[in-house]
Every structure is written in C-alpha cells, then in structure tokens.
Amino acid sequence: MTVHPVEVPEGNAVFGQTTSAFASFGYSAAVRAHGLLFIAGTIGRRADGTIPDTIEDQTEIAIRKIEEILRLENLDLSALVDVTSYHVDIRQHLPGFVEAKQRLVQAPYPTWTIIGVSGLASPGLLVEIRATAAYPGDASR
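Residues numbered from 1 in each chain as written. Predicted model: local features only at pLDDT ≥ 70, side-chain atom pairs only at ≥ 80, totals over all residues. Heavy atoms only, no water.

What follows covers helix α2 (residues 55-72). An α-helical turn contains 3.6 residues, so any two residues separated by three or four positions project in the same direction. Taking 1.5 Å per residue as the helical rise, α2 with its 18 residues ought to reach 26 Å, and the 26 Å between its terminal C-alpha atoms agrees with that figure. Directly beyond the C-terminal end of α2, a positive phi value near 60° is found at N74. (Helix = DSSP H or I, 4+ residues; strand = E, 2+ residues; numbered from the N terminus. Expected span 1.5 Å × (residues − 1).)

Bringing the pattern of salt bridges into the picture now. Any two side chains of opposite charge can pair, so long as their charged atoms come close to each other. Inspection of the entire model under this criterion finds 6 salt bridges. Ionic pairing is found between R32 and E73, a salt bridge with its closest N-O pair at 2.6 Å. Residue R32 is found in strand β2 (residues 30-33), and its partner E73 is found in the loop between α2 and β4 (80-88); the two are separated by 41 residues along the sequence. Across this residue pair, the class does not change: R32 and E73 are buried. Two residues, E67 and R64, come together in a salt bridge whose shortest N-O distance is 2.9 Å. Placement of the pair is E67 and R64 together in helix α2, with a separation of 3 residues, close to one helical turn. Three or more residues are tied together by salt bridges with common partners; here these are E60, R64, E67, E99 and R103. (Salt bridge = Lys/Arg side-chain N within 4 Å of Asp/Glu carboxyl O. Buried < 20%, exposed > 50% of the residue type's maximum accessible area, 1.4 Å probe, protein only.)

Take the packing of α2 against helix α3 (residues 90-104) next. Taken N-terminus to C-terminus, the directions of α2 and α3 make an angle of 40°; their axes are 8 Å apart at the nearest point. Between α2 and α3, the crossing angle belongs to the class labelled oblique. Crossing handedness for the pair α2 and α3: right-handed. Here I55, E56, T59, E60, I63 and R64 of α2 lie close against α3, whose contacting residues are H93, G96, F97, E99, A100, K101, R103 and L104. (Axes fitted to C-alpha atoms, helices over the stretch in contact; angles between N-to-C directions. Parallel < 35°, antiparallel > 145°, perpendicular 65-115°, else oblique. Left-handed = near helix turned anticlockwise from the far one by under 90°. Contact = heavy atoms within 4.5 Å.)

In short, geometric facts, not functional conclusions.
Here's what the structure looks like:
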C-alpha cells in the first residue's frame, strides 16, 4: 500500500502558525491512499492561533481549512464523501453549526455524522471536523 502524507506548507495563509501542531502532536494534515484523501480532525483556530467565541466562526474556519487541504490536492469540497464532526454542548451549538455548514457546503453532499463530546483539545474549542475525500476517476492515487 502506498501512502502519501499531505503537508501544509509553513506560512500557509489559511493555517498560519497553527501548522506547528502537526509536528508537535506527530500527525499529518491529510494522507492520500487508495484513491482517497483522509483529512485529520480540523478545528476552528484562526491562523494567528486564537479561537473565536462563536460556533459559526469556528465552523467556518474549520471548513475553510479542510477546503485548503483539498485545494493543495487539486480538489474542492465537492470531493468530500464522508465527514464526522465532534461538538461540545451540541444542543446549544448545533443551530449555528448547521447555519455555517449550509453556507459553505453545497450539493452533492457527503455523508455526515455529528457526535456530541464533553470537550476538545483546547478550552474554547466547540467543533472539530474530520473528513474523507475521493479523487475523481483515479483509484491508483
């Protein structure tokens, strides 16, 4: 099996200083294998490292980061096939999450699983999104 890590370049405008987390925690932003792109859990931390207060802002930032990883692989959000999102205080924040998601993710829609959790890696984080995308017509990637 051939596995190719996808690296977000240092200085990337969307990720900013948050790219240091990949090395610090020992993981790849995404991995390409068997015609699929597996995108690690992505959070709504701004490029400067700060965390917005609202679920709408955090959701938008997380989805924009996923969109950037897809762009690095010449894909877009329409390539997503499966998404899982993890939510702190899900009942309180779900309406804002859905509003932001509907603005950014258009048909054809991927499958999407929404899971409530008691907390995420840093205080203030409200959502983390992991995703899988498919490369069109090239199962050998």
